[in-house]
Amino acid sequence: MADDEPTRAARLLDAQAKAERLFAEIEERRLVAPGQGERAVSDQVRDLANELFGTTRHWHKRIVRSGPNTLKPYRENPPDRQIGADDIVFADFGPIFEEYEADFGRTFVLGDDPVKRRLKDDLPKIFAAGQRFFGSEPDITGKRLYAEVERLATDAGWELGGWHAGHLVGEFPHEWIDGADVESYIAPGNDTPMRRTDRAGRRCQWILEIHIVDRERGFGGFYEELLDVGRSDGNAVRAVS
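Residues numbered from 1 in each chain as written. Predicted model: local features only at pLDDT ≥ 70, side-chain atom pairs only at ≥ 80, totals over all residues. Heavy atoms only, no water.

Caption draft 1: Seen up close, the packing of helix α1 (residues 5-28) against helix α2 (residues 38-53). The interhelical angle for the contact between α1 and α2, taken along N-to-C directions, is 120°, at an axis separation of 10 Å. Relative to α2, the element α1 lies oblique. Here the hand of the crossing between α1 and α2 comes out right-handed. Where α1 abuts α2, its residues K18, R21, L22, E25 and I26 lie against V45, L48, A49, L52 and F53. (Axes fitted to C-alpha atoms, helices over the stretch in contact; angles between N-to-C directions. Helix = DSSP H or I, 4+ residues; strand = E, 2+ residues; numbered from the N terminus. Parallel < 35°, antiparallel > 145°, perpendicular 65-115°, else oblique. Left-handed = near helix turned anticlockwise from the far one by under 90°. Contact = heavy atoms within 4.5 Å.)

Caption draft 2: Broad picture of the pattern of salt bridges. One pass over the full model with this rule turns up 18 salt bridges. The salt bridge partner of E159 is R215, with a shortest N-O separation of 3.0 Å. One end of the pair, E159, is in strand β6 (residues 159-160); the other, R215, is in the loop between β8 (205-214) and β9 (219-226), and 56 residues separate them in sequence. Residues participating in the shared-partner salt-bridge network are D43, R46, D47 and R62. (Salt bridge = Lys/Arg side-chain N within 4 Å of Asp/Glu carboxyl O.)

Caption draft 3: How the structure looks around the packing of helix α3 (residues 114-136) against helix α4 (residues 142-155). At a closest axis distance of 10 Å, the pairing of α3 and α4 adopts a crossing angle of 145°. As α3 packs across α4, the resulting crossing turns out to be right-handed. Facing I126, A129, G130, F133 and F134 of α3, the residues of α4 in contact are R144, L145, E148, V149, L152 and A153. Residue composition of the contact of α3 with α4, grouped by class: 8 nonpolar, 1 polar and 2 charged. (Nonpolar A, V, L, I, M, F, W, Y, C, P; charged D, E, K, R; others polar.)

Caption draft 4: Highlighting α2. Its 16 residues give α2 an end-to-end C-alpha distance of 22 Å, which sits within 8% of 22 Å, the value for a rise of 1.5 Å per residue. Within α2, burial applies to E38, V41, S42, V45, L48, A49 and L52. When α2 is viewed along its axis, its buried side chains cluster within an angular range of 120° and face the same direction. Facing away from the buried side of α2, by more than 90 degrees, are the exposed residues R39 and E51. Turning to α2, the residues buried within the fold contact α1, β1 (63-66) and β2 (88-93). Within two residues after α2, G54 carries a phi angle of roughly 70°, on the positive side. (Expected span 1.5 Å × (residues − 1). Buried < 20%, exposed > 50% of the residue type's maximum accessible area, 1.4 Å probe, protein only. Arc of directions from axis to C-beta.)

Caption draft 5: Here's a closer look at unusual backbone geometry. For R30, which is not glycine, the phi torsion reads 55° and is therefore positive. Inspection of the secondary structure assignment puts R30 in the loop between α1 and α2.

Laid out in structure tokens, this is it:
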């Protein structure tokens, strides 16, 4: 039997909490380090997820990108690169926890480059502002939210790195995301309300992802997590313990 909406929301939040812990361990163990290859770090994170949670499946490809590779959008597959001492690196993982998907991304800065550090610091600010904007418009469309995220990035002095700013998420496998199905994305072509039900009658849940770049300097950063999960009455839902 499918979970009811409060349970679905709680399980999505629980999956995200585990992903957040995974990323905290990545930082604590200093897995993102100079001299490491991107693929080697990705494999270490995969093994760490298994160690911490018994997780062996990821619903999308595991991504660790550094330096100029951070300019590349999700669908590209740049060659493996060794992380440098003064690098910027982002990681994007989609582990599956008890059949629910997490999608979580963060950026790491090695060294003291002030522009890279400013970009990293701007990522959660843009995310939070986009989240507030979503909350302020009950009938918001994917097109409208994308435009606002693009404005926020531009005002901060950056450029969006991809053609969309997020997508649907849910039980594994969630409603199939087809590249041709723009209604699955926070994107310029999506004129449908984001607050709706999917073809199975379930409430649509969204990931907001912020990929910003500085093309002149040749690097970017990434930040993603759940956009908004709660009951339709606006009350908060607690993660499953």
